[in-house]
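Summary of structural features
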Amino acid sequence: MKIAVYTIALDEIKHCERWAESVKDADYRIVLDTGSTDGTVEKLRSLGVTVHEQQFSPWRFDVARNAALALVPANADICISQDMDEFLADGWRAKMEAAWQQGVT
């Protein structure tokens, strides 16, 4: 089973370490940065997170979030969408795997 956690970010350096640590058990950790100037991109990359950069004008949250989802590899079985200030609890992956049923949507 492949699990992807993805989010969008804009000047979220204060949340980078905690977010990256909470999702460390994901197969894919993907962030679409939408124009940070505070070092968010560099910090996330130093933590091993895959970071893409794209700006949106006019700003639309739904368009940015959909663009981030489009960056998730096609072989991901589960996609978890988060905000950078949200964090997964310890043991989240084991609980997902225990609940997972192939072919159920």
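**Quick word on the pattern of salt bridges**
- Under the counting rule described, the total for this entry stands at seven salt bridges.
- For lysine 43, the salt bridge identified is with glutamate 17, shortest N-O distance 2.9 Å. With lysine 43 in helix H2 (residues 40-46) and glutamate 17 in helix H1 (residues 13-22), this residue pair connects regions lying 26 residues apart in the sequence.
- A relative accessible area of 26% means that lysine 43 is categorised as partly exposed.

**Looking at the environment of valine 31**
- By the secondary structure assignment, valine 31 is in strand E2 (residues 28-33).
- Sequence separation of valine 31 and threonine 7 is 24 residues, and the distance between their C-alpha atoms is 5.0 Å.
- In contact with valine 31, other than residues within four places in its own chain, are Thr7, Ala9, Trp19, Leu44, Val49, Thr50, Val51, His52 and Met84.

**Here's the deal with the nonpolar core**
- Counting residues in each nonpolar core, the largest one holds 17 residues, and the members touching the most others are Val5, Trp19, Val31, Leu44, Val49 and Met84.
- Of all elements in the fold, only strand E1 (3-9), H1, H2 and strand E4 (78-81) reach the threshold of two or more residues within this core.

**What about the packing of aromatic side chains?**
- A full pass over the atoms with the stated rule returns one aromatic pair.
- Taken together, a centroid distance of 6.2 Å and an interplanar angle of 75 degrees make the contact between phenylalanine 56 and tryptophan 59 edge-to-face.
- Classification of phenylalanine 56 by relative accessible area gives buried; the value is 15%.
- A relative accessible area of 46% places tryptophan 59 in the partly exposed class.

Thresholds applied
Residues numbered from 1 in each chain as written. Predicted model: local features only at pLDDT ≥ 70, side-chain atom pairs only at ≥ 80, totals over all residues. Heavy atoms only, no water. Salt bridge = Lys/Arg side-chain N within 4 Å of Asp/Glu carboxyl O. Helix = DSSP H or I, 4+ residues; strand = E, 2+ residues; numbered from the N terminus. Buried < 20%, exposed > 50% of the residue type's maximum accessible area, 1.4 Å probe, protein only. Contact = heavy atoms within 4.5 Å. Core = buried A, V, L, I, M, F, W, Y, C linked by side-chain atoms within 4.5 Å. Phe/Tyr/Trp six-rings, centres within 6.5 Å; stacked < 30°, edge-to-face > 60°.

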